[in-house]
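Examining the three-dimensional arrangement
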Amino acid sequence: TGAITEDGNSPIKAEIFGYKTQSSRKALCIAGYILSCGALLLLFYWKPEWDVWANCIRCSLEEADIVLLRTTDEFRVYSRKTVTWISVSALIRSRSDYPATAGEDSIFSKAIMKPSLQVKSIQVQKIRYVWNICAKHFQKVGALEDHHTCSAIHAKFGSGLTCNEQYVRYALVICGPNTIDVPVIPVWKLLVKEVLNPFYVFQLFSVCLWFAEDYMEYATAIIIMSLLSIFLTVYDLRQQSVKLHRLVESHNNIMVTVCRNKEGFQELESHHLVPGDMLVLKEGKTLLPCDAILISGQCVVNESMLTGESTPVTKTHLPQADNIKPWRMHCAEDYKKHVLFCGTEVIQTKADDRGVVKAVVLRTGFNTAKGDLVRSILYPKPMNFKLYRDALRFLMCLIAFAAIGMIYTVCVFALNGVREVVKKALDVITIAVPPALPAALTTGIIYTQRRLKKKGIFCISPQRINMCGQLNLICFDKTGTLTEDGLDLWGLLPSERNCFQDIHSFPADHSLPWGPVFRAMAVCHSLIVWEGKIQGDPLDMKMFEATNWNEGQGSTHAIVVRPGPKASCAPVEGVTILRQFPFSSALQRMSVIAQEIGGEKQVFTKGAPEMVAMLCRAETVPSNFESKLLLYTAQGFRVIGLAYKSLQAGKQSTDLTREEVESDLTFLGLLIMENRLKKETKPVLEELSAARIRSVMVTGDNIQTAVTVARNAGMISPMSRMILVEANKIPGSFSASITWKPLEENKPEDYRSLLALGSGQYHFAMSGKSYQTVAQHFRHLLPKLLLNGTVFARMSPGQKSSLVEEFQKLDYFVGMCGDGANDCGALKVAHAGISLSEQEASVASPFTSRTPSIACVPELIKEGRAALVTSFCMFKYMALYSTIQYLGVLLLYWQLNSFGNYQFLFQDLAITTVIGVTMSFTGACPKLVPYRPPSQLISPPLLLSVVLNILFSLSMQIFGFVVVQEQPWYSKTNIHRLVGTGLPNTTDQLNYRPDHQLQVDPDASPQGADTLTGVSYENTTVWLLSTINCLIVALVFSKGKPFRQPIYTNWQLSICLILVFADIDDLYSKMDVSIVPRWVFFLLQSHYKCAGIEAVIENRALWLLLKKTFRYHSKSHYKRLQRVLEQDSAWPPLNETFFSDSVAISVEGNMGGHSNPTFDSNEDVF
């Protein structure tokens, strides 16, 4: 027994159990397959764990030839994997230098079993694991070992692998080929998999039974509908398979140049690459076929495929730091600035003094960033939704209900000596369990998907549409989502001699004077010239455009900026950017080393003002720095700090570390950018607030700016107070502190009054750093903070994903809306992720909006609510229709009678199938109401509705069945004897249909074969009552408001109901209904009481009153916490500081959980 925990990007976390195949058990199972005509094999196909338990015995993982994986989530899903053995004896004997090439600490040496010279491996979700003999566990391969230090990577792999080393790594099939192979699944495989679905197997059983009973018409209709459904599903799956194949095929066979130790450069196909290979990146565009660590030179990369952001990203080489820390720990969150990711495009390379741009292959195949993205599509994270779980339970109840009916049928028919008892008993199952139920539920989702598509919202995960109906918390990214994507340069606040100067507004009549501030704006950016245009971050673009300078390429591939035609006079010809330290979200800054042509070298830094000020000499930072910063951030501006210093002559820029460069700086001033709200933002947030749907901002921006934007957008009401939560680790210890401070810039009043406020009248704001510290050291406070947390600023992508998961733990249904850039992880984790970007990264998001506006969020919730209500109504209707028909049939079985085939056909096809299809056409209500539809089938209102309707139907049918026998004209054997006798008032008592006289033999024996479908008063009465009952139930369950439009807007359903309610003589003559007592129509009118029953049951005010009377409270975690905090007068503890214990909870791995593939993923074993 062991455990597997995949990296943070994978949806799988599982336990692993070892099993060994036993011959005697296998022989017994084969006999079982034969004797059961394959039924046992089909059962094992559905339940792989039963297959393993039946065929194998438990053993250690070391001895196992079969392993069973069980996910650790609430679903506990099992999967079976076969252990494969790869012989490497021929390879070892042909390579005399193998021990030297493999390395003692390498997994390649630890995986080979001696003396058999075999490697034991399994494959889980496209990832290969090999058995580590020393550690006694399966270990993931296909990636460079994590323990290498920065200096070790340069020393060991800097010259490239030898041919022997490459051959050993590749030929052992330990790493496998460097391909993301997603073959197009053959149609026959998709067809077989779909046909073996339990639903279709049950339909096959039903159809065979109907053919045996000559119920040809409905059986044929079901076959046609099932084939249509299967072919549509297979076509859709095939299209998805082709689309995914095309997405990855271009990366599987690229010609690359590698450097071989002692043998120089070689050209080879990319599928031969192994971890440790040395890639040589040439000039021009290059598509990366693997993940690689840049060890020399510099690259500009387009990562839009992974991040959804088309801004080019600059990559720098891995430093040659000589320490004992593994390279990833040494680089911390900045490690990805040195990594080139698979699927991205290198658009520029810049060699350093070592000659060429080189990169060491880090990961190959499905271990890469693109491989992780593809795996997230192939193996999506399962979502728990009560509707689907309760639906299975409800079906089990119907099956149990059917079993009772089977016993009743066997007893009645056996006691009366009727033949074909088994067939009639099995028929009860097909009546009690509606075969059309799954198809009907799917139909509603398909129609909703089509309506969303018309509104510009595309869905790749239809099962999540119903979940959108339960959303009660939406997380929004800020920049590009709530605010406009671009920034406008508003002003510059320069600083000289420890004092801020007059603000320089943009656009201005006079240009900026030449000086350090001007030079900082001209060179401190990561812009590049690509395809004749200057491209890069929007903020950098606006800043550089304000200088009126141009950018170009120097003679040594260095970037040179020069005055443009409109630029003011400058005393220099231009400035060369010698080296860049790209922007880091962890460090919150970027720096460049630049040199005036013919002048001295200088360092320029820009970033978060607080961070830049910390790097500056204290005497250069104005004393009113914090108040000025607060002044502008409180107005919603985005503020950037600028600083610089001169470098000593003689120092090579390539030899300097980032720490040396970014120290002892001189503060230059503040760059003020304006980020306007989108016009749709405020109305949408107001609509969500009115519907009692919480809005939360999750951004990478400054906390004060985020708070101001939240206030301006209406996310925080004017009467609510903001409380800043600051948590910091205490230097030199393992403990931390947390403080609550009122964040009120203009109201220096007594904040003790906050204690009297309700929970909805204050909001918490915290930074990503504080969030991570709270998660580590104050885990018990995290739920309390999240309950009123509204603004989360300076959040990294991993922290965004973690935050969404923490909200989900509080039983919130969480939606995430972002522009795709750095939000991919959170979009995948949320119950409903809505991407506003149409880049390839959005392929991982369940929903994508064509228009980059949050107006899609309420539309999606409305459609989700309508789809959820439709699913509930459809389920109730299908369950009631089958139960009504089931009760009627059992009642007629008492007299050895039954419905005729045309009677069944009318109910099954003309009513249920047609109405079931058209019921889903009802659209969503245009207004969001301040409450959600129920989320579970097993709830008192729904159960009460179903039970009362069943009891009402049963009572009506029994009443009609008994009363018709008490009538003076009733005859059991000859129902036509009153016709033409001339008795008075006969026509008042009976509706006579003479055209049906010739269809029944009046001398037929009551025990004859035709009595099961013979015409009788009981048959007519029960069939009419059950049919009208089905129609009334369909009408009642199609009600519109508050979540759907009124029924009359669904013209398809309205026409169907009018047609089936119509009194058509020719139709009834086919239904074996020839004599209809008038008093039956009085009973039919009583069915309208169903509407009254439903109106009472669905009365929300009544249920709220009952809940209040019986003191029922919601069991949701966040609701319980709200009630506790309302009683806690000491919460929130304003202006207080708490300290944690020494022991911290390690959540470093969780912070990157389910994050964008371009972010951290740890090497794991199982």
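In the block above lies the structure referred to throughout.
Residues numbered from 1 in each chain as written. Predicted model: local features only at pLDDT ≥ 70, side-chain atom pairs only at ≥ 80, totals over all residues. Heavy atoms only, no water.

**Focus: unusual backbone geometry**
Omega for the peptide link from tryptophan 1131 to proline 1132 comes to 0 degrees, which places this bond in the cis form. Summarising the element assignment, proline 1132 is placed in the loop between α40 (1117-1126) and β45 (1137-1139). At cysteine 37, a position not held by glycine, the phi torsion is positive, near 55 degrees. Note that cysteine 37 resides in the loop between α1 (23-35) and α2 (39-46). (Helix = DSSP H or I, 4+ residues; strand = E, 2+ residues; numbered from the N terminus.)

**Considerations on the pairing of strand β8 (residues 118-124)**
Here β8 lies mainly inside the structure; 5 of its 7 residues are buried. Sheet topology places strand β6 (residues 84-87) next to β8; 4 bridges connect them, and they run antiparallel. Its bridge partner being in β8, threonine 84 is matched across the sheet by serine 121. Note that β8 and strand β9 (residues 127-132) share 4 bridges and pair antiparallel. When the sheet's bridge partners are listed, glutamine 123 is paired in β9 with arginine 128. Where β8 folds back onto β9 in an antiparallel hairpin, the turn is made up of 2 residues, including glutamine 125, whose phi is positive at roughly 50 degrees. (Buried < 20%, exposed > 50% of the residue type's maximum accessible area, 1.4 Å probe, protein only. Pairing = 2+ DSSP bridges.)

**Things to note about the environment of isoleucine 474**
Looking at where isoleucine 474 falls in the secondary structure, it is placed in strand β22 (residues 473-476). Judged by relative accessible area, which is 0%, isoleucine 474 ranks as buried. Linking isoleucine 474 and alanine 832, residues 358 residues apart in sequence, is a C-alpha distance of 9.1 Å. If we skip the residues at most four places from it in the chain, isoleucine 474 touches Leu688, Ile693, Arg694, Ser695, Val696, Gly815, Val857 and Ile861. (Contact = heavy atoms within 4.5 Å.)

**Brief notes about the side chain of serine 737**
With respect to the element layout, serine 737 can be found in strand β37 (residues 736-742). With sequence-adjacent residues up to four places away left out, serine 737 is seen in contact with Glu726, Ala727, Asn728, Ile730, Phe778, Thr1137, Phe1138 and Phe1139.

**Some words on a nonpolar patch on the surface**
The grouping of Leu43, Tyr45, Trp46, Trp50 and Trp53 at the surface amounts to a nonpolar patch, some 480 Å² of accessible area in total. Here the nonpolar patch takes 3 residues from α2, the largest share from any one element. Its place among the elements puts tyrosine 45 in helix α2. (Patch = residues over 30% accessible without salt bridge, like charges linked within 9 Å, V, L, I, M, F, W, Y side chains within 5 Å. Areas by Shrake-Rupley, 256 points an atom, 1.4 Å probe, with all protein chains shown as cover. Salt bridge = Lys/Arg side-chain N within 4 Å of Asp/Glu carboxyl O.)

**A few points about the packing of α1 against helix α3 (residues 48-55)**
Each pair of packed helices can be summarised by the angle the axes make with each other and by the distance between the axes. Where α1 meets α3, the closest approach of the two axes is 8 Å, and the angle between their N-to-C directions is 125 degrees. One way to sum up the angle between α1 and α3 is to call them oblique. Seen from α1, the contacting residues are Arg25, Lys26, Cys29 and Tyr33; seen from α3, they are Asp51, Trp53, Ala54 and Asn55. A breakdown of the residues in the contact of α1 with α3 according to their chemical character gives 4 nonpolar, 1 polar and 3 charged. (Axes fitted to C-alpha atoms, helices over the stretch in contact; angles between N-to-C directions. Parallel < 35°, antiparallel > 145°, perpendicular 65-115°, else oblique. Nonpolar A, V, L, I, M, F, W, Y, C, P; charged D, E, K, R; others polar.)

**Section: the environment of asparagine 675**
Locating asparagine 675 in the fold gives a position in the loop between β34 (666-674) and α24 (681-690). Assessed through its relative accessible area of 8%, asparagine 675 is described here as buried. Measuring from C-alpha to C-alpha, the distance between asparagine 675 and arginine 638 comes to 6.8 Å, with 37 residues separating the pair along the chain.

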